[in-house]
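Coordinate inspection notes
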Amino acid sequence: MSRVLAVTNQKGGVGKTTTVVNVAASLAELGQRALLVDLDPQGNATTGSGIDKSALKHSVYHVLLEQTPPQEARIRSPSGGYDVLPANRELAGAEVELVDGERREYRLKNAIDSVISDYDVVLIDCPPALNLLTINGLAAAWRVLIPMQCEYYALEGLSDLVQTIRRVRSHLNTGLEIEGLLRTMLDPRNALAQQVSAQLEQHFGAKVYRTAIPRNVRLAEAPSHGQPALRYDPASKGAQAYLQLTREILERFEADALHRVSPI
Ligand code: ATP
Ligand code: MG
């Protein structure tokens, strides 16, 4: 069974794109067939995967407008070993252009459905907003992965996101659930961050991934080289943390599958 994860948090700069790129690369490293969908007009996941966003002939924009099939728009990441449905600035127009579009919330879902058999895991990088693009991501997803920074206000935005997920669940995507909360950019010497991290674990229990991503300069440098950290500096703490996280993600998938097939 293929898994589709939307990586989302309407708060900006919490590590969504870094997570999507590095988990995709780790999946490829572990022998999984992965597709990264860049749903952000900033196109950072596209660039970070080593793809020139200014030279795109087709992008996720054309796919959402049903002008290009995803089979034609996807590109292999030369540095990551996974496929990318790329994005650039043009995508910012999609919201307006889709306003009267038929089944506009399901455009991405339809596209992913048509290529899903080529992949074990599909990761969707959502923009920092609860807009139609993010709704498309949530409508297409099996589950949601929420990266968050362990800071004082981290939990504040979470209730809006949870509301949105609930709304999508009741109107567009019945099975949608939170797959996991991921602590990002964790600084072990920051006492407040450690405190918030512990609170998250207390509050959300097993929903919080055991693996937390440390603040690591290699993760910040890698995108400017068009590479996931696993390629840029495989031994770095950041690359290794994402590899560990990816193993944990796959373990959860397996546990979930076992749970589902278990008798009564
Ligand atoms: P946006 O909301 O704008 O899409 P985002 O949630 O996708 O942002 P990223 O772009 O992944 O966040 O990360 C924000 C910045 O922090 C980037 O410059 C990135 O390189 C850096 N960064 C992300 N994770 C780490 C980390 N663990 N250690 C150090 N730097 C990081
Ligand atoms: Mg981003």
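1. Structural notes on unusual backbone geometry
- Positive phi values are uncommon outside glycine, yet Glu 66 reaches one of about 60 degrees.
- Relative to the helices and strands, Glu 66 is located in the loop between helix H3 (60-64) and helix H4 (70-73).
- If you check the backbone angles, Arg 103 has positive phi at about 45 degrees while not being a glycine.
- Relative to the elements of secondary structure, Arg 103 occurs in the loop between helix H5 (94-97) and helix H6 (107-113).
- Classification of Arg 103 as exposed rests on a relative accessible area of 51%.

2. Focus: the packing of aromatic side chains
- On inspection of all chains with the given rule, the structure shows 2 aromatic pairs.
- Considering the side-chain rings of Tyr 152 and Tyr 153, the 5.2 Å spacing of their centres and the 75 degrees angle between planes classify their relative orientation as edge-to-face.
- The ring of Trp 142 carries Arg 3 above its face, with NZ or CZ at 4.4 Å from the centroid.
- The ring of Trp 142 carries Arg 143 above its face, with NZ or CZ at 4.2 Å from the centroid.

3. Focus on the site of ligand 1
- Around ligand 1, a shell composed of 18 residues is seen, among which Lys 16, Thr 17, Thr 18, Pro 214 and Asn 216 lie nearest.
- In this structure, Val 14 approaches ligand 1 through a main-chain N or O atom, which is 3.0 Å from an oxygen atom.
- Within the contact set of ligand 1, an oxygen atom lies 2.8 Å away from a backbone nitrogen or oxygen of Thr 17.
- Here ligand 1 loses 80% of its free accessible area of 630 Å² to cover by the protein chains.
- Those elements that place two or more of their residues in the shell around ligand 1 are helix H1 (16-29) and helix H10 (217-221).

4. Let's talk about the environment of Thr 17
- By the element assignment, Thr 17 lies in helix H1.
- Judged by its relative accessible area of 19%, Thr 17 falls in the buried class.
- For the pair Thr 17 and Ile 213, spaced 196 residues apart in sequence, the C-alpha to C-alpha distance is 13 Å.
- Apart from the residues within four sequence positions on either side, Thr 17 is in contact with Asn 44, Ala 45 and Asp 125.
- At a separation of 2.7 Å, a polar atom in the side chain of Thr 17 contacts the side chain of Asp 125.

5. Quick notes on H1
- Taking 1.5 Å per residue as the helical rise, H1 with its 14 residues ought to reach 20 Å, and the 20 Å between its terminal C-alpha atoms agrees with that figure.
- Taking burial as the measure, the 14 residues of H1 include 11 buried ones, the bulk of the element.
- Within H1 the residues assigned to the buried category are Lys 16, Thr 17, Thr 19, Val 20, Val 21, Asn 22, Val 23, Ala 24, Ala 25, Ser 26 and Leu 27.
- Within two residues after H1, Gly 31 carries a phi angle of roughly 85 degrees, on the positive side.

6. Focus: the pattern of salt bridges
- Tallied over the entire structure, the rule returns 18 salt bridges.
- When the shortest N-O distance is used, the salt bridge between Arg 252 and Glu 248 registers 4.0 Å. Note that Arg 252 and Glu 248 are positioned in helix H12 (residues 237-261) at a spacing of 4 residues, about one turn of the helix. Across the pair, Glu 248 and Arg 252 agree in class, each one buried.
- Here the salt bridges share partners, and the residues they tie into one network are Arg 3, Arg 143, Glu 177, Glu 179 and Asp 256.

7. What about the nonpolar core?
- Counting 46 residues, the largest nonpolar core has Val 37, Val 60, Leu 108 and Ile 124 as the members making the most contacts within it.
- Per element, the largest residue contribution to this core is 5 residues, and it comes from helix H7 (residues 132-140).
- Among all residues touching Val 60, those that are not within four sequence positions of it are Val 37, Asp 38, Leu 39, Leu 85, Pro 86, Ala 87, Leu 91 and Leu 108.
- In terms of nonpolar packing, the next biggest core, distinct from the first, is built from 34 residues, Tyr 82, Val 84, Trp 142 and Ala 241 among them.

8. Regarding the pairing of strand E6 (residues 143-149)
- Most of E6 sits inside the fold, with 7 of its 7 residues counted as buried.
- The alternating pattern of E6 places Arg 143, Leu 145, Pro 147 and Gln 149 on one face and Val 144, Ile 146 and Met 148 on the opposite face, and all of these are buried.
- Relative to E6, strand E1 (residues 3-7) is paired through 3 bridges, and the arrangement is parallel. Along E6, the bridge assignment pairs Ala 6 with Val 144.
- Judged from the 7 bridges that link them, E6 and strand E7 (residues 177-184) form a sheet pairing that is parallel. For Gln 149, the partnering residue across the bridge sits in E7 and is Thr 184.
- Assessed by its sense of winding, the connection that carries the chain from E6 through helix H8 (residues 158-171) to E7 is right-handed.

What counts and what doesn't
Residues numbered from 1 in each chain as written. Chains lettered and ligands numbered in written order. Predicted model: local features only at pLDDT ≥ 70, side-chain atom pairs only at ≥ 80, totals over all residues. Heavy atoms only, no water. Helix = DSSP H or I, 4+ residues; strand = E, 2+ residues; numbered from the N terminus. Buried < 20%, exposed > 50% of the residue type's maximum accessible area, 1.4 Å probe, protein only. Phe/Tyr/Trp six-rings, centres within 6.5 Å; stacked < 30°, edge-to-face > 60°. Lys NZ or Arg CZ within 6 Å of the ring centre and 35° of its normal. Near = heavy atom within 4 Å. Polar contact = N/O pair within 3.5 Å; in protein donor to acceptor, adjacent residues only side chain to side chain. Areas by Shrake-Rupley, 256 points an atom, 1.4 Å probe, with all protein chains shown as cover. Contact = heavy atoms within 4.5 Å. Expected span 1.5 Å × (residues − 1). Salt bridge = Lys/Arg side-chain N within 4 Å of Asp/Glu carboxyl O. Core = buried A, V, L, I, M, F, W, Y, C linked by side-chain atoms within 4.5 Å. Pairing = 2+ DSSP bridges. Right-handed = clockwise from strand over helix to strand, strands pointing away.

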